[in-house]
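A look at the structure
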Amino acid sequence: MRMPKSDEQGSARLKFLLVLLIIGGVAYAGYLYVPIAYQAYLFKDLMQQKVDVASASGYPPTWVGEQLTKSLTEYDVPPDALISPVTRDQRVEVRVQFTRPIEFPGYTYQYEFDHTARSTPFFNIK
C-alpha cells in the first residue's frame, strides 16, 4: 500500500477551488452578457415586425425609423444608435448599428450590434 506523503496534502482542495473559480467567472460573465444579447435579439424581432408592417401598409421607410426610435429605451438601445431606413428592390429595409459596453472586472467588452431587417416579399404593395 502506498502511504500519503505530507507534501501531497491539499492538492485536491486547490483543484476544487480553481474549478470553482473558473465556473464562477463564466457564470458572472454570462450574467453580464446574456441580458444584453437577449435584448438585442428582441430588438431584431421588433425591427422585422416594423418593416413587415410598413411594407404591408404602404408606409414610407421613415415611419419604420420613427417607430424604432420610440422603442429605443424599452430595449436598452443607446440613444445614439444609427437607424437607416430605405426602400430597396421594392422592399422596406432598415439597418440599426450601435455599440454597448459590457464592463467586466478589469476589461470592457464592446458589444457590436449591426443588423439589417428586410420586409418579407409577400407583403409588398406594388
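First, a word on scope: everything that follows refers to the structure included in this document.

Assigned secondary structure in the chain consists of two helices and three strands. Counting over 126 residues, the chain shows a buried share of 29%. Considering only contacts within the chain whose residues lie at least 6 apart along the sequence, 53% involve residues at least 24 apart. Carbon and sulfur atoms provide 58% of the accessible area of the chain, an area that totals close to 9100 Å².

A few words on the nonpolar core. Core analysis: the largest hydrophobic core is formed by 24 residues, its most contacted members being Phe43, Met47, Val64, Leu68, Val94, Val96 and Phe113. Looking at this core, the elements with two or more residues in it are helix H1 (11-57), helix H2 (61-70), strand S2 (91-104) and strand S3 (107-118). Filtering out sequence-adjacent residues up to four positions away, methionine 47 remains in contact with Leu68, Val94, Val96, Phe113, His115 and Ala117.

Turning our attention to the side chain of glutamate 93. Inspection of the secondary structure puts glutamate 93 in strand S2. Exposure remark for glutamate 93: the relative accessible area of 8% places this residue in the buried category. Here arginine 118 takes part through its side chain, which lies 3.2 Å from a polar atom of the side chain of glutamate 93.

Bridging between S2 and S3 involves 12 bridges; their strand directions are antiparallel. Residue pairing for S3: phenylalanine 104 is matched across the bridge by tyrosine 107. Counting the residues between successive antiparallel strands, the hairpin from S2 to S3 contains two residues, one of them, glycine 106, with a positive phi of roughly 85°.

Calculation rules
- Residues numbered from 1 in each chain as written.
- Predicted model: local features only at pLDDT ≥ 70, side-chain atom pairs only at ≥ 80, totals over all residues.
- Heavy atoms only, no water.
- Helix = DSSP H or I, 4+ residues; strand = E, 2+ residues; numbered from the N terminus.
- Buried < 20%, exposed > 50% of the residue type's maximum accessible area, 1.4 Å probe, protein only.
- Contact = heavy atoms within 4.5 Å.
- Areas by Shrake-Rupley, 256 points an atom, 1.4 Å probe, with all protein chains shown as cover.
- Core = buried A, V, L, I, M, F, W, Y, C linked by side-chain atoms within 4.5 Å.
- Polar contact = N/O pair within 3.5 Å; in protein donor to acceptor, adjacent residues only side chain to side chain.
- Pairing = 2+ DSSP bridges.

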